[in-house]
Amino acid sequence: MRDARFRRRLNRRPTVAKGPHPIQMARRTNKNVGIIGLGIIGSRVAENLRRQGFHVFVWNRNPRPVPNFVGAPAELAEMCDYIQIFVSDDDALLDVIRQMAPALAPRHIVLSHPTVAPHSMRAAADLVERRGARFVEAPFTGSKIGAENGELVFYVAGDEVALKEARPILEASSKEVIEIGEIGQATVVKLATNIVTSASVQALAEALALINHAGVSSEKFVAALQNNASYSKTLAMKLPKMIEGNFEPHFALKHMLKDMLIAGRLGLSHHLELAVTTAARDRLLEQEQRGYAEEDFSVIARKYFPEMIFPAVEQDLELFEKPPPIEPAATISSMGEVAAAVQVQEVDLAPPPEEPVPEPQPTMEQFVPAESAGETTTPAAVEPSQPETLAQDVVSTEAAPEPEAEQSAAAKSPLDLLAKLLRGENARRDES
């Protein structure tokens with residue numbers, strides 16, 4: 001009996017939870033919102049929309065194990081009338097809009113949230129409007145905590161009717177929606193506010209470095225800054241984290257660097273020198289090159305507070321062994337002296353030669369042919385070995401003669417003169 005009851009339980013059909021069928025859920029309604037980009041902000045905006053009762057479908061360049069993940073941006077557009085884009089840069093924005101374009105229709109409102117160059121924002125709007133859809137520029141301010149709490153601030157621009165229709169979607173994750181004007185102007189406002197934010201954190205890092213090196217406690221500095229007119233929400237959020245060395249990303253350094261690069265180029269296009277923007281950009285770039293691109297942009301404080309502090313090195317401590325010191329007398333200042341020193345050293349090491357028996361040696365001036373010296377000896381009477389003996393005796397012990405001198409001496413040797421006389425040549429003419 002027990003086995004029979006157990007078999008009946010196994011054969012029962014599973015209980016289906018009440019609710020709409022998944023296919024019914026996929027049908028397009030005015031409550032369907034598509035989210036492209038599931039980064040720090042996009043993923044939290046999606047959660048806020050769900051809590052507000054919207055049906056949310058998502059797509060990300062890298063697939064995520066999240067509810068209602070679709071296969072492509074065009075598929076998202078088929079199911080949703082409202083599409084929010086949270087991608088990182090200009091190229092990504094234009095790429096996803098081109099992928100969506102075939103599925104766009106007049107019923108669609110595309111809300112573009114990345115901070116990009118104004119001309120890229122206008123190009124994106126043009127692609128959307130060519131399909132008859134409407135475009136809303138909506139960059140925002142706020143970090144991870146602001147997105148989690150639904151306290152972002154959107155700067156919006158575009159068609160007033162589209163803005164009015166899309167406002168409930170923006171309000172689901174924001175505390176304020178500020179209308180700016182034409183497409184591209186909202187992005188300029190966003191860039192301008194980020195200049196102030198980036199410069200404030202850079203100034204804060206330098207102030208902390210000064211306090212630290214002067215030996216003042218950080219608690220005293222915090223108390224003073226909190227009662228200063230320059231204190232802001234940005235400083236209130238970043239200051240404790242920077243003191244702790246906690247750079248968990250709320251606004252990644254790579255994104256702030258991208259914004260400062262755009263702001264710098266925009267300033268140049270208007271012939272403006274943005275010195276503070278340039279300084280902030282350089283500090284961000286420096287830390288990106290050190291591998292901190294994914295950290296919070298307040299990681300610029302690492303310039304003044306590195307992770308490792310090397311101990312002071314004693315003055316006479318060297319990393320490598322020093323060569324033995326050179327005595328002043330042996331100091332050599334040129335390659336010629338080096339060769340001379342080596343030759344002297346070799347001569348000193350060789351055994352001293354036996355001193356020859358001193359013999360009178362004629363100088364070069366004294367050496368002349370027999371005829372010019374007035375000798376009565378005839379050429380036939382000259383011994384063949386005599387010129388060789390004389391040539392050996394003439395060699396100087398100080399230095400070798402120059403090549404021209406050697407050739408001249410060889411040409412005037414008695415043996416050569418004798419050979420010329422035998423050939424009937426005039427020896428005196430050759431000497432001149």
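Refer to the structure printed above.
Residues numbered from 1 in each chain as written. Predicted model: local features only at pLDDT ≥ 70, side-chain atom pairs only at ≥ 80, totals over all residues. Heavy atoms only, no water.

Helices and strands together make up the secondary structure of the protein, namely 18 helices and eight strands. Out of the 432 residues in the protein, the part that is buried amounts to 33%. Considering only contacts in the protein between residues 6 or more positions apart, those separated by 24 or more positions represent 66%. Per element, the accessible surface of the protein, about 27,900 Å² overall, is 55% carbon and sulfur. (Helix = DSSP H or I, 4+ residues; strand = E, 2+ residues; numbered from the N terminus. Buried < 20%, exposed > 50% of the residue type's maximum accessible area, 1.4 Å probe, protein only. Contact = heavy atoms within 4.5 Å. Areas by Shrake-Rupley, 256 points an atom, 1.4 Å probe, with all protein chains shown as cover.)

We now examine the packing of aromatic side chains. Tallied over the entire structure, the rule returns three aromatic pairs. For the pair Phe251 and Phe297, a centre-to-centre distance of 5.9 Å together with 75° between the ring planes defines the contact as edge-to-face. Taken together, the positions of Phe251 in the loop between α11 (233-244) and α12 (253-269) and Phe297 in the loop between α13 (275-289) and α14 (335-349) put the pair 46 residues apart, joining distant regions of the chain. By way of ring pairs, the aromatic residues Phe86, Phe140 and Phe154 are connected into one cluster. The side chain of Lys31 reaches across the aromatic face of Phe54, ending 4.4 Å from its centre. We note Lys190 situated over the ring of Phe140; from NZ or CZ to the ring centre the distance is 5.8 Å. (Phe/Tyr/Trp six-rings, centres within 6.5 Å; stacked < 30°, edge-to-face > 60°. Lys NZ or Arg CZ within 6 Å of the ring centre and 35° of its normal.)

As a further point, take the packing of helix α5 (residues 90-100) against helix α6 (residues 118-130). Taken N-terminus to C-terminus, the directions of α5 and α6 make an angle of 0°; their axes are 10 Å apart at the nearest point. Classified by the angle their axes make, α5 and α6 are roughly parallel. Packed against α5, whose contacting residues are Asp90, Leu93, Leu94, Ile97 and Arg98, the element α6 presents Ser120, Met121, Ala123, Ala124, Leu127 and Val128 at the interface. Of the residues belonging to the contact of α5 with α6, the class tally is eight nonpolar, one polar and two charged. (Axes fitted to C-alpha atoms, helices over the stretch in contact; angles between N-to-C directions. Parallel < 35°, antiparallel > 145°, perpendicular 65-115°, else oblique. Nonpolar A, V, L, I, M, F, W, Y, C, P; charged D, E, K, R; others polar.)

It is worth spelling out helix α3 (residues 40-51) at this point. Over its twelve residues, α3 extends 18 Å from the first C-alpha to the last, a length consistent with the 16 Å expected when each residue adds 1.5 Å. Those residues of α3 that sit buried are Ile41, Gly42, Val45, Ala46, Asn48 and Leu49. Along the axis of α3, the buried residues cluster in a sector spanning 165°; they form a single face. Of the residues trailing α3, Gly53 is marked for its positive phi of about 95°. (Expected span 1.5 Å × (residues − 1). Arc of directions from axis to C-beta.)

Quick look at the side chain of Glu137 now. Note that Glu137 resides in strand β5 (residues 134-137). The side chain of Glu137 sits in the buried core without any salt bridge; Arg122 is the nearest counter-charge, 7.3 Å away. Polar side-chain contacts of Glu137 include one of 2.4 Å to the side chain of Thr187. Excluding anything up to four places from it in sequence, Glu137 contacts Ser112, Met121, Tyr155, Val156, Ala157, Glu182, Ile183, Gly184, Gln185, Ala186 and Thr187. (Lys, Arg positive; Asp, Glu negative; His and termini not counted. Salt bridge = Lys/Arg side-chain N within 4 Å of Asp/Glu carboxyl O. Polar contact = N/O pair within 3.5 Å; in protein donor to acceptor, adjacent residues only side chain to side chain.)

The subject of this paragraph is the layout of surface pockets. The space that makes up the largest pocket amounts to roughly 1,400 Å³. In terms of lining, the largest pocket is formed by 49 residues, of which the most central are Ile41, Phe140, Gly142, Ser143 and Phe251. Elements represented by at least two residues in the lining of the largest pocket include exactly α3, β6 (140-141), α7 (144-148), β7 (152-158), α9 (185-213), α11 and α12. Looking at the lining of the largest pocket residue by residue, the class counts come to 18 nonpolar, 20 polar and eleven charged. (1 Å grid on protein atoms, 1.4 Å probe; cavity = no way out; pocket = protein on both sides within 12 Å on 5 of 7 lines; lining within 4 Å. Points joined across faces, edges and corners; volume = space filled by probe spheres on them.)

Despite not being glycine, Asn68 has its phi angle at roughly 55°, a positive value. With respect to the secondary-structure elements, Asn68 resides in the loop between β2 (55-59) and α4 (73-79). A positive phi angle, close to 60°, is found at His271, a residue other than glycine. Its place among the elements puts His271 in the loop between α12 and α13.

Our next topic: the pairing of strand β4 (residues 109-112). Alternating residues of β4 divide into Ile109 and Leu111 and Val110 and Ser112, and every residue in both groups is buried. The parallel pair strand β3 (residues 82-85) and β4, bridged by α5, forms a crossover whose chirality is right-handed. Where β4 meets β5, four bridges bridge the pair, whose relative direction is parallel. Looking at β5, one finds that Val110 is bridged to Phe135. Taken together, β4, α6 and β5 constitute a β-α-β crossover, and its handedness is right-handed. (Right-handed = clockwise from strand over helix to strand, strands pointing away. Pairing = 2+ DSSP bridges.)

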